[in-house]
Amino acid sequence: MTDVSPKGLSPKQASERVALSITSRNRKEARFLFLGQLAVAVAMGFLILLFAGILNKGMPGFFQYYVALDVRLDAGRLDPTNQMTLESLAGGDFDGVIRDSLYQALGNPEGRKAKREARRLISSGSGQRLMTYVLDHPEHLGSTVSVQFAVDDDVDTFLRGLISREIPEMDRRISDQLIDYIDALDAQGRISYEISDYLFFGSASRDAEMAGIRGALVGSILTLLVCVVIAFPLGVATAVYLEEMAPKNRLTEIIEININNLAAVPSVVFGIMGLAIFIVAFGMPRSIPLVGGVVLALMTLPTIIISSRAAIRAVPPSIRDAALGIGASKIQTIMHHVLPLAMPGILTGTIIGMAQALGETAPLLMIGMVAFIVDVPSGINDPGTVLPVQIFMWADFAERMFIQKTSAAIIILLTFLITMNAAAIFLRKKLERRW
Amino acid sequence: MSESMVDGTTQVAGRTLPDKTLGQIYVDNPRVKARDVNVFYGDKRAIDNISLDIGASQVISFIGPSGCGKSTFLRCLNRMNDTIDICRVEGEIKIDDQNIYDPLVDVVSLRARVGMVFQKANPFPKSIFDNIAYGPTIHGLATSKVELEQIVESSLQRAGLWEEVKDRLDQPGTGLSGGQQQRLCIARAIAVSPEVILMDEPCSALDPIATAKVEELIHELREQYTIVIVTHSMQQAARVSDRTAYFHLGKLIEVGDTKQVFTNPNHELTQDYITGRFG
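Residues numbered from 1 in each chain as written. Chains lettered and ligands numbered in written order. Predicted model: local features only at pLDDT ≥ 70, side-chain atom pairs only at ≥ 80, totals over all residues. Heavy atoms only, no water.

Asks: Go over the overall build of chain B with me, naming the residues and quoting the values.
Replies: Of the regular secondary structure elements, chain B holds ten helices and 14 strands. For chain B, whose C-alpha radius of gyration is 19 Å, the value lies close to the compact-globule estimate of 19 Å for 279 residues. In terms of its C-alpha atoms, chain B occupies a principal-axis envelope of roughly 65 × 45 × 35 Å. Restricting the contact set of chain B to residue pairs at least 6 apart, pairs at least 24 apart contribute 67%. A total of about 12100 Å² of accessible surface is found on chain B, and carbon and sulfur atoms cover 47% of it. On chain B, the mean spot of the 29 positive side-chain charges and the mean spot of the 37 negative ones are 2 Å from each other. (Helix = DSSP H or I, 4+ residues; strand = E, 2+ residues; numbered from the N terminus. Rg over C-alpha atoms; globule rule 2.2 N^0.38 Å. Contact = heavy atoms within 4.5 Å. Areas by Shrake-Rupley, 256 points an atom, 1.4 Å probe, with all protein chains shown as cover. Lys, Arg positive; Asp, Glu negative; His and termini not counted. Charge placed at Lys NZ, Arg CZ, Asp CG, Glu CD.)

Asks: Can you lay out the interface of chain A and chain B for me, pointing to particular residues and giving the numbers?
Replies: The accessible area lost on association of the parts is a frequent measure of interface size. Taken together, the 18 residues of chain A in the interface contact 24 residues of chain B. Buried surface at the junction of chain A and chain B, both sides included, amounts to about 1800 Å², of which 64% is carbon and sulfur. Here chain A and chain B share zero salt bridges between them. Joining chain A to chain B, the criterion identifies four residue pairs in polar contact (both at pLDDT 80 or more). Every element with two or more residues in the side of chain A that touches chain B is listed here: α14 (317-325) and α15 (330-358) of chain A. (Buried area = accessible area lost by both parts, 1.4 Å probe. Salt bridge = Lys/Arg side-chain N within 4 Å of Asp/Glu carboxyl O. Polar contact = N/O pair within 3.5 Å; in protein donor to acceptor, adjacent residues only side chain to side chain.)

Asks: Pulling in residues and values, what's your account of the pairing of strand β11 (residues 196-200) of chain B?
Replies: Residue and element names in this part refer to chain B. Taken across its five residues, β11 has five buried, putting it largely inside the fold. Along β11, one buried face is formed by V196, L198 and D200 and the opposite face, lined by I197 and M199, is buried too. Here strand β10 (residues 114-117) pairs with β11 via four bridges, running parallel. Looking at β11, one finds that V117 is bridged to M199. Direction of pairing for β11 relative to strand β12 (residues 226-230): parallel, over a ladder of five bridges. Note that in β12 the partner of I197 across the bridge is I227. (Buried < 20%, exposed > 50% of the residue type's maximum accessible area, 1.4 Å probe, protein only. Pairing = 2+ DSSP bridges.)

Asks: Can you tell me about the pattern of salt bridges, naming the residues and giving the values?
Replies: In this structure the tally under the stated criterion is 28 salt bridges over all chains. Note that R172(A) and D176(A) form a salt bridge whose closest N and O atoms lie 2.9 Å from each other. Here R35(B) makes a salt bridge to D53(B), at a shortest N to O gap of 2.9 Å. Residue R35(B) is found in strand β5 (residues 30-41), and its partner D53(B) is found in strand β6 (residues 44-55); the two are separated by 18 residues along the sequence. Using a relative accessible area of 2% as the deciding quantity, one classes D53(B) as buried. Because the salt bridges share partners, they merge into one network encompassing E243(A), E256(A), R309(A) and R313(A).

Asks: So what about the domain arrangement of chain A? Which residues, and what values?
Replies: All names here are of chain A. Domain annotation for chain A reports domain 1 (6-59), domain 2 (62-206) and domain 3 (214-431). Centre-to-centre, using C-alpha coordinates, domain 2 lies 43 Å away from domain 3. At the interface, 17 residues of domain 2 touch 19 residues of domain 3. Counting the surface lost from both domain 2 and domain 3, the interface buries some 1600 Å², and carbon and sulfur atoms represent 59% of this. The interface formed by domain 2 and domain 3 contains zero salt bridges. Inspection of the region where domain 2 meets domain 3 yields five residue pairs in polar contact (both at pLDDT 80 or more). Taken together, the elements giving at least two residues each to the side of domain 2 that touches domain 3 come down to α7 (153-159) and α9 (197-201). Top element by residues in the side of domain 2 that touches domain 3 is α9. It accounts for four residues. Its residues assigned to classes, the side of domain 2 that touches domain 3 comprises seven nonpolar, six polar and four charged. (Domains from an automatic or database assignment. Nonpolar A, V, L, I, M, F, W, Y, C, P; charged D, E, K, R; others polar.)

Asks: I'd like a description of the pairing of strand β1 (residues 63-72) of chain A, backed by residues and values.
Replies: All names here are of chain A. The buried fraction of β1 is high, at seven of ten residues. Pairing of β1 with strand β3 (residues 191-195) involves five bridges; the strand directions are antiparallel. By the bridge assignment for β3, Q64 is matched with E194. Inspection of the sheet shows β1 paired to strand β2 (residues 144-150) by seven bridges, in the antiparallel sense. Bridge assignment links A68 to a residue of β2, and that residue is Q148.

Asks: Hey, could you go over unusual backbone geometry for me, with residue numbers and the actual values?
Replies: One can expect most non-glycine residues to show negative phi and most peptide bonds to be in trans. Although it is not a glycine, S287(A) adopts a positive phi angle of roughly 65°. Within the fold, S287(A) resides in the loop between α12 (267-281) and α13 (289-313). With phi around 45°, E201(B) is a residue other than glycine that occupies positive phi space. As for its position among the elements, E201(B) is in the loop between β11 and α7 (208-221).

Asks: Can you lay out a positive patch on the surface for me, pointing to particular residues and giving the numbers?
Replies: All names here are of chain A. On the surface, a cluster of positive charge is contributed by R99, R112, K113, K115, R116 and R119. Considering every element that reaches the positive patch, the biggest residue donor is helix α5 (residues 112-119), with five residues. Along the polypeptide, K113 turns up in helix α5. Using a relative accessible area of 56% as the deciding quantity, one classes K113 as exposed. (Patch = residues over 30% accessible without salt bridge, like charges linked within 9 Å, V, L, I, M, F, W, Y side chains within 5 Å.)

Asks: Kindly report on the sheet that holds β5(B), identifying the contributing residues and their values.
Replies: All names here are of chain B. If you walk across this open sheet you meet the four strands as β6-β5-β8-β9, and the pairing is antiparallel. Looking at which strands have only one partner, the edges of the open sheet turn out to be β6 and β9 (98-99). Two strands pair when backbone bridges link them, and β5 and strand β8 (residues 87-95) are joined in this way by eight bridges, in the antiparallel orientation. Opposite K33, over in β8, you have K94 as the bridge partner.

Asks: Could you give an account of the side chain of D154(A), naming the residues involved and the relevant values?
Replies: Residue and element names in this part refer to chain A. Structurally, D154 is set in helix α7. Its relative accessible area of 10% is what places D154 among the buried residues. Setting aside anything within four residues of it in sequence, one finds D154 in contact with R120, I163, R173 and I174.

Take a look at the structure:
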């Protein structure tokens, strides 16, 4: 039973039925719109929460407490052989000089226990810091100067108010005696809260107050450099070959499927492969940015190839026809017309791949870049670590100050990423032909 | 359109296809000589045994319904079909007595001799100057910058575009109007001084005024070049060409002087097509 006559619906019937369907269509559209907006709102909400959380936790990590001490730079004690070199200074008693000025500032405490507590006040890296100061300012040797030293991480945590005085002495990490010393120095105006130079210029350290990201940052840059130098030309060349030159046969098809599959392979697998090939088979050293970069290049290759192919495919065929029709060879057509037009897309894909590589931890753990390396790598053959691995390691440490340092390092990593993405957008806009 | 085999002959639209091309295939002073050309897309035969001479200093137009193979045949003449993987060309096409499908022939130098203008104007996304200069540059036609500028100017002059663009040569070619873009593409083709110019429906996307300009241009270029034009417009074929070839289902049905083909066609299919009974 239908109302449809052999001649079809009359216009009146049809418009009635359309009117009926329109309400439900509009409702569906409104629902879809609402769900879409809800999804965006939820995503934005989480993003804001994430950023607020990280900034809130991380901003204090950019600062730390310093104590200013008047140090008498006694040439005889610091540079016994009077050569002013790194080697000769290594024999100097920097810790002793700092200790003396610390005792002096605290009114010369008596007894071993009191002195030991006093020594816990400043960072164990202070001697190193003073040595660097002397090397930089040899003219001050022999005079008394005011130098800032980082306070120990427990003292720092206390100064931040994270260790309460109310807690019984037995249960807190710093003694009443130490708190008295801190109060005394604070009363003299010697304690200050400043931007942490250790965070930016220090390297990996077990002492939270001295830990910095410099080594990891340099390691990240070197690793990415290796990665881009290998992955970009290889990826673009592969994409050009597959899109423009490869015969359409079974073999090409298999290669294409495998490249697409590689994009979905968990990154840790690339790490195992790097371990097996570069370290075990080729005998390359562990922990070096060269191996890390190669592994990350292999990991980012599929991303670059896939996005480059899409960009190349998006170049209108009429441009190829025009170039070929005028007598340009295949390579000329590609180099002069196709690649320049595809470049914005290729660069975007590459930078997205690089950003992925920058944030990658798992494959680098496999090739030993998780090692504790204090020195800043001076080349791609020098052992080093990278930012995300550094964050991973810091997050593992028990000291409370590492929480802030970890968050600060995350902020630096994010800044790095945002800078890269901004560069991608800038390059895209600059290269994109708007005609 | 129904197609059936009746008594061994192919019937199309109630008409019988001829066994061989009617009219004058051969001309006195040929520049292009095509003999027994067959083109296949995979297993499908797109061009069925076509032989045709194209005279020097002559305009020939290819007409016929969509899918009749006229564009395919045109693209054989500068081997643009090479870019299609499944396309296979058999037979012989000689330009100035050289078989262009000879393995020894370099397709790059062939295309420098046989220029092409496409259906949709396709200027490079570069400046007007660079659009014209590209061909001469890659073929090394200009020995100095001054020469290159001269080539660009004369090409634009001959394409009738110089007066319109001489003050904005550094501006993108894609910013021109549709008709200007098509004339830019013609200028780009003649900048490499080809012998033959192939035009694949050059006016299909243009308005009547722009079309008139392009046709005028074809008139002027006929002195110097052999021009092959594929068109869907009967009037255009009648206006611009010396000879007309009618294609149908991959076959060359008939070819002859334009006047004769339009006034007194040899075959009923041609008659049907030019009188607008189908197509």
